[in-house]
Amino acid sequence: MGLLILLGVFAVCVVIGVPVAFALAVAAVTAFFIEGLPLVVAFQRIISGINVFSLMAIPFFIFAGELMFHGGIAIRLVRFASAAVGKIRGGLGVVNVLSSMLFGGISGSAVADISALGSILIPVMKEKGYDDDYAVNVTVTSSIAGILVPPSHNMILFAIAAGGGISISQLFLAGVVPGILMCVCLAVAAYVIAVRRGYPVEVFPGFHALFLSFVAALPGLFTAVIIVGGVLSGVFTVTESGAFGTLYAFLVTLIVYRSLSWEAFKTAVLNSVRTTSMVLILVASATAFAYMLTFYQVPSRMIDFMTGVTENPVAMLLMINAMLLVLGMIMDMAALILICTPIFLPVVMSIGMDPVQFGMILMMNLGLGLCTPPVGACLFLGCAVGKVPIERAVKTIWPFYAAIFVALMLTTFIPDISMTLPRLIAG
């Protein structure tokens, strides 16, 4: 009964429009009250959720992404990607995917990716004769590369939700190959559609122009080297690497590129504060909610339920993927990471899956949810940027969904895709 009340209060709050963070808190406090637990314990759980040193890396990553968005790094990455692969049939679609992989690997944010690259590439693609729904669909689906390609603040949330026993550096390494694999699948889908629709071919600017565009983009790309390289080398902690990466991004945009105005800086600060506040409130509320899920023995009950349905590991993984895909379509990603990790992680560990590999499966599933209705944040933002009705975009986006699904299935059933780099480098 207590579990039904917990889930029921949360569902009612979400349906009537209460923000997810507050819905989690209300449901958790209600369950504490029903069970007769001291409310001070609920307060302690909420505070303990954000009293984690690793969480300090998140505002740094968010701020670095905002600085790069407003400081001109995105346009230089687009120019480099265009010079490299623009000569392919429908090359701007492939450029979009490559740019998302490069920028996402620096900012770590799908929403920042769409805001930065979508506002640049979608108008250009329309001008070059590309259909607006194609331009939006490529931008939306490729944006989730930032969730997998390190650094990603969502991986930090996963590590915390898993109890803090998972190395963030291993998660960063594990995301490289699945992120690249997903982008390759999306690039193939973009190319096939471009050929079928007869989109134009861009002129190759020459190796000299390619080299110059690479040199111009290199200072921005080096931000990811500082953040990820500092963590993997052991020189910095995750939080320290985020701080140094943010400082470097500020200096590059201000001194090297000279494209960061005072107004843009204030906007970056304001957006970073707003986003960070939302994330931390969500983490605090979800910690109390997850505590009650554990109190009601939901993880062990989930294991019993799934093993009662089937003991086949393949079938169990397909069931988990299906559940995550459905949940990703109706809830915010950060909330789902914090809620689903303590539920499903014991299940996959019971069938021998490494927690790091499950982290990649979780990220890809929930990333796909960002691109699907009814509450896909990336889909809504991409359609707003491209001025395309959501209904029209969804009608033609299915090949890109299929591309992400192929990458998801390969990552799910071939452990080496996500585990090779962590084993070779991090041990």
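Shown above is the structure to which this text applies.
The structure reproduced in this document is the subject of the present report. The structure displayed is predicted, hence computed values, not measured ones.

Cut-offs applied
Residues numbered from 1 in each chain as written. Predicted model: local features only at pLDDT ≥ 70, side-chain atom pairs only at ≥ 80, totals over all residues. Heavy atoms only, no water. Helix = DSSP H or I, 4+ residues; strand = E, 2+ residues; numbered from the N terminus. Rg over C-alpha atoms; globule rule 2.2 N^0.38 Å. Buried < 20%, exposed > 50% of the residue type's maximum accessible area, 1.4 Å probe, protein only. Contact = heavy atoms within 4.5 Å. Areas by Shrake-Rupley, 256 points an atom, 1.4 Å probe, with all protein chains shown as cover. Lys, Arg positive; Asp, Glu negative; His and termini not counted. Charge placed at Lys NZ, Arg CZ, Asp CG, Glu CD. Patch = residues over 30% accessible without salt bridge, like charges linked within 9 Å, V, L, I, M, F, W, Y side chains within 5 Å. Salt bridge = Lys/Arg side-chain N within 4 Å of Asp/Glu carboxyl O. Core = buried A, V, L, I, M, F, W, Y, C linked by side-chain atoms within 4.5 Å. Expected span 1.5 Å × (residues − 1). Arc of directions from axis to C-beta. Axes fitted to C-alpha atoms, helices over the stretch in contact; angles between N-to-C directions. Parallel < 35°, antiparallel > 145°, perpendicular 65-115°, else oblique. Left-handed = near helix turned anticlockwise from the far one by under 90°. Nonpolar A, V, L, I, M, F, W, Y, C, P; charged D, E, K, R; others polar. Phe/Tyr/Trp six-rings, centres within 6.5 Å; stacked < 30°, edge-to-face > 60°. Lys NZ or Arg CZ within 6 Å of the ring centre and 35° of its normal. Disulfide = S-S within 2.5 Å.

Notes on the overall build of the protein chain
Then step 1. In terms of helices and strands, the protein chain carries 23 helices and zero strands.
Then step 2. At 21 Å, the protein chain has a C-alpha radius of gyration in line with the 22 Å of a compact globule built from 427 residues.
Then step 3. Taken along its principal axes, the extent of the C-alpha atoms in the protein chain is 70 × 45 × 45 Å.
Then step 4. The burial tally for the protein chain puts 54% of its 427 residues in the buried class.
Then step 5. A separation of at least 24 residues holds for 79% of the contacts in the protein chain among residues at least 6 apart in sequence.
Then step 6. Working note: accessible area of the protein chain is about 17,300 Å², and carbon and sulfur atoms make up 71% of it.
Then step 7. Distance between charge centres in the protein chain, computed from 17 positive and 16 negative side chains, equals 10 Å.

Observations regarding the environment of Ala-11
Then step 1. Residue position: Ala-11 is located in helix H1 (residues 2-15).
Then step 2. Taking C-alpha positions, Ala-11 is 9.4 Å from Leu-24, a pair spaced 13 residues apart along the chain.

A closer look at a nonpolar patch on the surface
Then step 1. A surface patch of nonpolar side chains, about 540 Å² in accessible area, is lined by Ile-88, Ile-180, Val-184, Val-188, Tyr-191, Val-192 and Val-195.
Then step 2. Its place among the elements puts Ile-180 in helix H12 (residues 176-197).
Then step 3. Given the relative accessible area of 40%, Ile-180 is considered partly exposed.

Observations regarding the nonpolar core
Then step 1. Formed by 137 residues in total, the largest nonpolar core has its most connected members in Tyr-134, Met-182, Phe-358 and Phe-400.
Then step 2. Per element, the largest residue contribution to this core is 13 residues, and it comes from helix H18 (residues 333-350).
Then step 3. Look past the residues within four positions of Tyr-134 in its chain and what remains in contact with it is Gly-90, Gly-93, Met-125, Ala-190, Ile-193, Ala-194, Arg-197, Tyr-199 and Phe-400.

Concerning helix H14 (residues 238-256)
Then step 1. In this model, H14 (19 residues) spans 25 Å end to end at C-alpha, consistent with the 27 Å of a helix rising 1.5 Å per residue.
Then step 2. Listed as buried for H14 are Val-238, Thr-239, Ser-241, Gly-242, Gly-245, Thr-246, Ala-249, Val-252 and Thr-253. Burial along H14 is one-sided: seen end-on, the buried residues are contained in an arc of 155°.
Then step 3. Packing partners of the buried residues in H14 comprise helix H4 (57-70), helix H5 (73-85), helix H10 (153-161), helix H11 (168-174) and helix H13 (207-233).

Observations regarding the packing of helix H17 (residues 313-330) against helix H22 (residues 398-413)
Two numbers describe a pair of packed helices, the interaxial angle and the distance between the axes.
Then step 1. The geometry of H17 relative to H22 is characterised by a closest axis approach of 11 Å and an angle of 140° between their N-to-C directions. In this view, H17 runs oblique relative to H22, as classed from their interaxial angle. Helix-helix and strand crossings are classified by hand; for H17 and H22 the assignment is right-handed. Every residue of H22 that contacts H17 at Val-314, Leu-317, Leu-318, Asn-321 and Leu-325 is listed here: Phe-405, Leu-408, Met-409, Thr-412 and Phe-413.
Then step 2. For the contact of H17 with H22, the per-class residue count stands at eight nonpolar, two polar and no charged.

Observations concerning H18
Then step 1. Helix length check: H18 (18 residues) gives 24 Å between terminal C-alpha atoms against 26 Å at 1.5 Å per residue, within 8%.
Then step 2. The element H18 is largely enclosed, with a buried count of 15 among its 18 residues.
Then step 3. Count one or two residues on from H18 and you reach Gly-352, which has phi positive near 95°.

Quick word on unusual backbone geometry
Then step 1. Residues other than glycine seldom take positive phi values, yet Arg-258 does so here, at roughly 55°.
Then step 2. One can find Arg-258 in the loop between H14 and helix H15 (262-295).
Then step 3. Given the relative accessible area of 72%, Arg-258 is considered exposed.
Then step 4. Backbone geometry at Lys-387 places phi at a positive 55°, although glycine is not the residue there.
Then step 5. Here Lys-387 is to be found in the loop between helix H20 (377-386) and helix H21 (390-396).

Here we look at the packing of H1 against H15
Then step 1. Between H1 and H15, the least distance of the axes is 10 Å, while the angle of their chain directions is 150°. The orientation of H1 with respect to H15, classified from their angle, is roughly antiparallel. Considering how the two elements wind past one another, H1 and H15 form a crossing that is left-handed. Judged by residue contacts, Leu-3, Leu-6, Leu-7 and Phe-10 of H1 engage Phe-289, Met-292 and Leu-293 from H15.
Then step 2. Class assignment of the residues belonging to the contact of H1 with H15 gives a composition of seven nonpolar, no polar and no charged.

A few points about the packing of aromatic side chains
Then step 1. Applying the stated criterion to the full structure yields 13 aromatic pairs.
Then step 2. Here the aromatic cluster, defined as three or more aromatic residues joined through ring pairs, consists of Phe-63, Phe-250, Trp-262 and Phe-265.
Then step 3. Lying across the ring of Tyr-257, Arg-76 places its NZ or CZ 3.9 Å from the centre.

What to know about the pattern of salt bridges
Then step 1. This model, assessed by the stated rule, comprises five salt bridges.
Then step 2. Residue Arg-392 pairs with Asp-132 through a salt bridge whose shortest N-O separation is 2.5 Å. Taken together, the residues Arg-392 in helix H21 and Asp-132 in helix H8 (residues 132-142) connect sequence positions 260 residues apart.
Then step 3. When its relative accessible area of 36% is taken as the criterion, Arg-392 is described as partly exposed.
Then step 4. Here Arg-423 makes a salt bridge to Asp-416, at a shortest N to O gap of 3.3 Å.
Then step 5. For Asp-416, a relative accessible area of 46% puts it in the partly exposed group.
Then step 6. Among the ionic contacts, a cluster of salt bridges with common partners joins Asp-131, Asp-133 and Arg-197.

Details of the state of the cysteines
Then step 1. Scanning the model with the defined rule gives zero disulfides in all.
Then step 2. With no disulfide of its own, Cys-13 has Cys-340 as its nearest cysteine by sulfur position, at a separation of 18 Å.
Then step 3. You can call Cys-13 buried: its relative accessible area is 10%.

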